[in-house]
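Next come the chains, spelled out residue by residue.
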Amino acid sequence: MSKSLDVSKLEREVKSVYRDVAEAPTERYHFEMGRPLAERLGYSSEDLDGIPEEAVESFAGVGYHFDLADLQPGDDVLDLGSGSGTDAFVAALHVGETGSVTGVDMTDEQLEKARRLRDEAGMDTVSFEKAYIEDLPFEDTTFDVVISNGVVNLSAEKEDVFSEVNRVLEPNGRLALSDIISEEHMSESIKTDADLWAACIGGAEQVDDYTMMIETPGFDAIEIRENPQYEFASDQAVNACQKYGVKSISLSASKR
């Protein structure tokens, strides 16, 4: 974490952006949203048709990783930064009535929307909790699989995130996520700009550093693939992509 990043300002900026994502999904953002994006990233029409439409309207993910997650009936799944619920609801389709999905998010408006949509759809194997991904309110070895989509880059304490993921996973549990990384280390001016963090740029970790953060607490078998179908929407983001190799990836890892 950059020593001069104002973490409290970062949290305010991120909450503000994703409150708007929940409440005004048709507005313009630094990133694309909605069903056309989800389908382009790899979500199946069958899955998207099977979950609440309003959740998909607020979908702001950066990749597709359900094939890497390899969810099985009966799995207990944790979704980090669950937003309006798209990935949590898709996961629920895959784990069935014998499984469970828990989403965590720090933004009240996202949680309120996700819970309302869950109740309206009667998807009672899904729950949503208010929590920070750096400090998860769950017992050790609670989950079989942890998923996340475009969220870890927003954390200023990524080592803590992956340590917590390792802690709450069962032995041989799986991590599957999509996120934004960079090929090159970015300048301090970008790394300390809370606005660019909230836009999923400033917090993009250099890819070797990112994988080391995953390996350190006890993960291996890391598989990474790029998501060239994901495109940033703002000029700032496009410039960062060109200068520092900022891009979307999906990855999987297994707990040792």
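Structure: above.
Residues numbered from 1 in each chain as written. Predicted model: local features only at pLDDT ≥ 70, side-chain atom pairs only at ≥ 80, totals over all residues. Heavy atoms only, no water.

A separate point is the packing of helix α8 (residues 158–168) against helix α11 (residues 207–215). Interhelical geometry of α8 versus α11 gives an angle of 35 degrees and a closest axis separation of 8 Å. Where α8 crosses over α11, the handedness of that crossing is right-handed. Contact residues: α8 offers K158, E159 and F162, while α11 offers Y210, M213 and I214. Partitioning the contact of α8 with α11 into residue classes produces four nonpolar, no polar and two charged. (Axes fitted to C-alpha atoms, helices over the stretch in contact; angles between N-to-C directions. Helix = DSSP H or I, 4+ residues; strand = E, 2+ residues; numbered from the N terminus. Left-handed = near helix turned anticlockwise from the far one by under 90°. Contact = heavy atoms within 4.5 Å. Nonpolar A, V, L, I, M, F, W, Y, C, P; charged D, E, K, R; others polar.)

On to unusual backbone geometry. A positive phi angle, near 50 degrees, is found at T141, a position not held by glycine. Inspection of the secondary structure assignment puts T141 in the loop between β3 (126–130) and β4 (143–149). Accessibility expressed as a relative area gives 33% for T141, which makes it partly exposed. In this structure, A221 takes a positive phi of about 55 degrees despite not being glycine. (Buried < 20%, exposed > 50% of the residue type's maximum accessible area, 1.4 Å probe, protein only.)

In this section: a negative patch on the surface. A surface patch of like charges, here negative, comprises D20, E23, E27 and E112. Mapped onto the fold, E23 is located in helix α1 (residues 7–23). The class for E23 is exposed, based on a relative accessible area of 55%. (Patch = residues over 30% accessible without salt bridge, like charges linked within 9 Å, V, L, I, M, F, W, Y side chains within 5 Å. Areas by Shrake-Rupley, 256 points an atom, 1.4 Å probe, with all protein chains shown as cover. Salt bridge = Lys/Arg side-chain N within 4 Å of Asp/Glu carboxyl O. Lys, Arg positive; Asp, Glu negative; His and termini not counted. Charge placed at Lys NZ, Arg CZ, Asp CG, Glu CD.)

Across the interface, α1 lies against helix α7 (residues 108–121) with an axial gap of 8 Å and an inter-helix angle of 30 degrees. In terms of axis orientation, α1 runs roughly parallel to α7. Where α1 crosses over α7, the handedness of that crossing is left-handed. Along the contact surface, α1 presents Y18, R19, V21, A22 and E23, while α7 presents E109, Q110 and K113. Split into classes, the residues belonging to the contact of α1 with α7 amount to three nonpolar, one polar and four charged. (Parallel < 35°, antiparallel > 145°, perpendicular 65-115°, else oblique.)

You can see A237 is positioned in helix α12 (residues 235–244). Separated by 10 residues in sequence, A237 and K247 place their C-alpha atoms 9.7 Å apart. Setting aside its immediate chain neighbours within four residues, A237 contacts I201 and F232.

Turning to the packing of aromatic side chains, a few remarks are in order. One pass over the full model with this rule turns up eight aromatic pairs. Residues Y43 and F66 carry aromatic rings whose centres are separated by 6.0 Å and whose planes lie at 70 degrees to one another, so their mutual orientation is edge-to-face. Pair noted here: Y43 is in the loop between α2 (35–41) and α3 (45–49) and F66 is in helix α5 (residues 66–69), with a separation of 23 residues, a long-range link. With a centroid separation of 5.5 Å and 80 degrees between ring planes, the pair formed by F162 and Y210 is classed as edge-to-face. In this pair, F162 sits in helix α8 while Y210 sits in helix α11, placing the two residues 48 residues apart along the sequence. (Phe/Tyr/Trp six-rings, centres within 6.5 Å; stacked < 30°, edge-to-face > 60°.)

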